[in-house]
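The residues making up each chain are set out below.
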Amino acid sequence: MIENPYHTSVLLHECIDGLAIKPDGIYVDVTFGGGGHSRAILEKLGPTGRLFAFDQDPDAWRQAEKIDDDRLELITANFRHIQKYLRIHGIKQVNGILADFGVSSFQLDAAERGFSTRFDGPLDMRMGPSASTDAAEVLNSYSAENLQRIFGMYGEIKNARTLAQAVVQARTQKGLKTTSEFKEILAKLAPRSREFKYFAQAFQAVRIEVNQELAVIEEFLEQAATLLAPDGRLVVLAFHSLEDRLVKNFIRTGDCHGKEDKDLFGVVHKPLESVIRKPITASEEELKRNPRSRSAKLRIAAKL
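Residues numbered from 1 in each chain as written. Predicted model: local features only at pLDDT ≥ 70, side-chain atom pairs only at ≥ 80, totals over all residues. Heavy atoms only, no water.

1. Thoughts on the packing of helix α10 (residues 195–211) against helix α11 (residues 213–227)
Angle between the axes and distance between the axes: these two values describe a pair of packed helices. So the rule is basically this: Every axis in this analysis is a line fitted to C-alpha atoms, fitted for helices over the stretch in contact. Angles between the N-to-C directions lie between 0 and 180 degrees. Strands are runs of DSSP state E lasting at least 2 residues, helices are runs of H or I lasting at least 4, and numbering of each runs from the N terminus. To sort the angles, those under 35 degrees are grouped as roughly parallel, those over 145 as roughly antiparallel, those from 65 to 115 as roughly perpendicular, and the leftovers as oblique. Here, residues are in contact when the closest pair of their heavy atoms is within 4.5 Å.
One way to put it is that α10 packs onto α11 with a least axis distance of 6 Å and a crossing angle of 55°. Put simply, α10 runs oblique to α11. Every residue of α11 that contacts α10 at R207, I208 and N211 is listed here: E213, L214 and V216.

Okay, here's the thing in structure tokens:
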């Protein structure tokens, strides 16, 4: 495992093995982050191999500057635009694509980003500066019905309606500006002895809405299937059930919502085939080193 102060790469060796890297191949790391996965891919590539890495976070860009390698091309954009930017670089097909949907350790530990439930900070939660909204706008302007939707759907919070009403009530007194103010509301409604999980679920819900994370994943998967060359590999790390369900459905049916495209003979037409029977999870040893890996699920598929 490659570690640095920015981020500890989860299931690093399993991801790299899953890509089945060809030394002269073209690969894409759509979530550069701290660069752990990208560095490991570069180690496997030969002189003519190429790696394109995506990240919309300026903090990640600074990490990329530390890698002096002509085979690496950093694209400072959201990976929902993967096909567009690869075409700009003259790339129509690639041999492998890696996606790690987890929030980086740096993002979680940087109070000013607003991702963490542990530190007080502004209600931001944007993955990149180009995001059109932030957490403060979501919590202060969304209707009770919309807040209930995102808390229930994205956070899987059981008392989503009550929480939504509490947020609306609180903001009538004073607009919400900090994560601590949001947590004050959450603390009154969290199940006893499960406060931390409740906080995490609520923060996750708002973060997903701010960054349109599920819509981005759907757009990405559809493009990835088109971009992969025959036998090319798709390797995806998901960290909660909503992400993983989209990936699982797409690999199984070619549709993120599991709708099968069958012909007259009942044969399902899909672009990918799973390489492994069950998703790979972190070993006990990795869990001890990096507790944040406990929810990770790795899926690997090949282009048919």
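Continuing now.
2. Points about the packing of aromatic side chains
How we decide: Whether two aromatic rings pair depends on their centres lying within 6.5 Å, for rings of Phe, Tyr and Trp, where Trp uses its six-membered ring; planes under 30 degrees apart make the pair stacked, over 60 edge-to-face, and the rest tilted. Exposed residues in this analysis have more than 50% of their type's maximum accessible area, buried residues have under 20%, and partly exposed residues fall in between, with area computed by a 1.4 Å probe over protein chains only.
Applying the stated criterion across every chain, the model contains 6 aromatic pairs. Note on F79 and F101: the rings are 6.0 Å apart at their centroids and 20° apart in plane angle, and the pair reads as stacked. Of this pair, F79 sits in the loop between β3 (72–75) and α4 (82–88) while F101 sits in the loop between β4 (94–100) and α5 (105–109); the two residues are 22 residues apart in sequence, bridging distant segments of the chain. For the pair shown, F79 and F101 are each scored as buried. With a centroid separation of 6.4 Å and an interplanar angle of 20°, the aromatic rings of F151 and F182 are classed as stacked. With F151 in helix α7 (residues 144–153) and F182 in helix α9 (residues 179–189), this pair connects stretches of sequence that are 31 residues apart. Judged by its relative accessible area of 0%, F182 falls in the buried class. Each member of the aromatic cluster is reached from another via a ring pair, and the members are F79, F101 and F220.

3. Points about α10
One turn of an α-helix holds 3.6 residues; hence residues three or four places apart share an orientation. To keep it simple, the criterion reads: The span one expects for a helix is its residue count, reduced by one, times 1.5 Å.
For α10, built from 17 residues, the straight-helix expectation of 24 Å at 1.5 Å per residue is met to within 8% by its first-to-last C-alpha distance of 24 Å. Where burial is concerned, most of α10 is hidden: 13 out of the 17 residues are buried. Trailing α10 by a residue or two, Q212 shows a phi angle of about 50°, which is positive.

4. So, the side chain of N211
Our working definition: Polar contact is defined as a pair of N or O atoms within 3.5 Å, subject to the rule that within protein one atom must be able to donate a hydrogen and the other to accept it, and that residues adjacent in sequence are counted only when both atoms are side-chain atoms.
Examined against the element boundaries, N211 turns out to sit in helix α10. Among the residues examined, N211 registers a relative accessible area of 10% and is labelled buried. Among the polar contacts listed, one links the side chain of N211 to the backbone nitrogen of M127, at a separation of 2.7 Å. If we skip the residues at most four places from it in the chain, N211 touches M125, R126, M127 and V216.

5. Thoughts on the UniProt feature "binding site: S-adenosyl-L-methionine" (unreviewed entry) in the chain
Our working rule: UniProt positions are given in the numbering used here, feature names are shortened, and annotations may be inferred rather than shown by experiment. Every definition here rests on a 1 Å grid over the protein atoms only: cavities are sets of points where a 1.4 Å probe fits but cannot get out, pockets are open sets enclosed by protein on both sides within 12 Å along at least five of seven lines, and lining residues have some atom within 4 Å of a point.
The UniProt entry lists G35, G36, H37, D55, F79, D100 and Q107 under the feature "binding site: S-adenosyl-L-methionine" (unreviewed entry), expressed in the numbering used here. Set against the largest cavity, the annotated residues that line it come down to G35, G36, H37, D55, F79, D100 and Q107. Tracing the sequence through the fold places G36 in helix α2 (residues 36–44). Here G36 falls in the buried class, since its relative accessible area comes to 6%.

6. Some remarks on the layout of surface pockets
Rule in force here: Grid points are joined across faces, edges and corners, and a volume is the space filled by probe spheres set on the points. Polar here means any residue outside two lists: the nonpolar Ala, Val, Leu, Ile, Met, Phe, Trp, Tyr, Cys and Pro, and the charged Asp, Glu, Lys and Arg; Gly therefore counts as polar.
Each pocket or cavity is described by its volume, and for the largest pocket that value is around 940 Å³. Lining the largest pocket are 32 residues, and of these L108, A200, Q204, R294 and S295 sit closest to its centre. Counting only elements with at least two residues in the lining of the largest pocket, the list comes to α5, α10 and α12 (241–253). For the lining of the largest pocket, the element with the most residues is α10, which contributes 7 residues. Looking at side-chain class alone, the lining of the largest pocket contains 10 nonpolar, 13 polar and 9 charged residues.

7. Overview of unusual backbone geometry
Within the chain, L11 stands out as a residue other than glycine whose phi angle is a positive 50°. Within the secondary structure layout, L11 lies in the segment before α1 (12–19). When its relative accessible area of 0% is taken as the criterion, L11 is described as buried. For Q212, which is not a glycine, the phi torsion comes out positive at approximately 50°. Examined against the element boundaries, Q212 turns out to sit in the loop between α10 and α11.

8. Re the environment of R233
One can find R233 in strand β5 (residues 228–238). Between the C-alpha atoms of R233 and R62, which are 171 residues apart in sequence, the distance is 28 Å. The residues contacting R233, other than those within four sequence positions of it, are D17, G18, L19, A20, N95, G96, I97, L228, V275, I300, A301 and A302. At a separation of 2.7 Å, a polar atom in the side chain of R233 contacts the main-chain carbonyl oxygen of G18.

9. Comments concerning the nonpolar core
To be explicit about the condition: As used in this record, nonpolar core signifies buried Ala, Val, Leu, Ile, Met, Phe, Trp, Tyr and Cys residues forming a set joined through side-chain atoms within 4.5 Å.
Counting 67 residues, the largest nonpolar core has I97, F151, F182 and F220 as its most contacted members. Counting 27 residues, the second largest nonpolar core, distinct from the first, contains L12, I21, F32 and I67.

10. A closer look at the sheet that holds strand β2 (residues 50–54)
The test is simple: Pairing between strands requires that DSSP locate at least two bridges from one strand to the other.
Across the sheet, 7 strands lie side by side as β3-β2-β1-β4-β5-β7-β6; this open sheet has mixed pairing. In this open sheet, the two strands that pair with only one neighbour each are β3 and β6 (272–274). Along the sheet, successive strands turn relative to each other by an average axial angle of 20°, direction set aside. By the bridge criterion, 3 bridges tie β6 to strand β7 (residues 297–303) in an arrangement that is antiparallel. Note that in β7 the partner of S274 across the bridge is A301.

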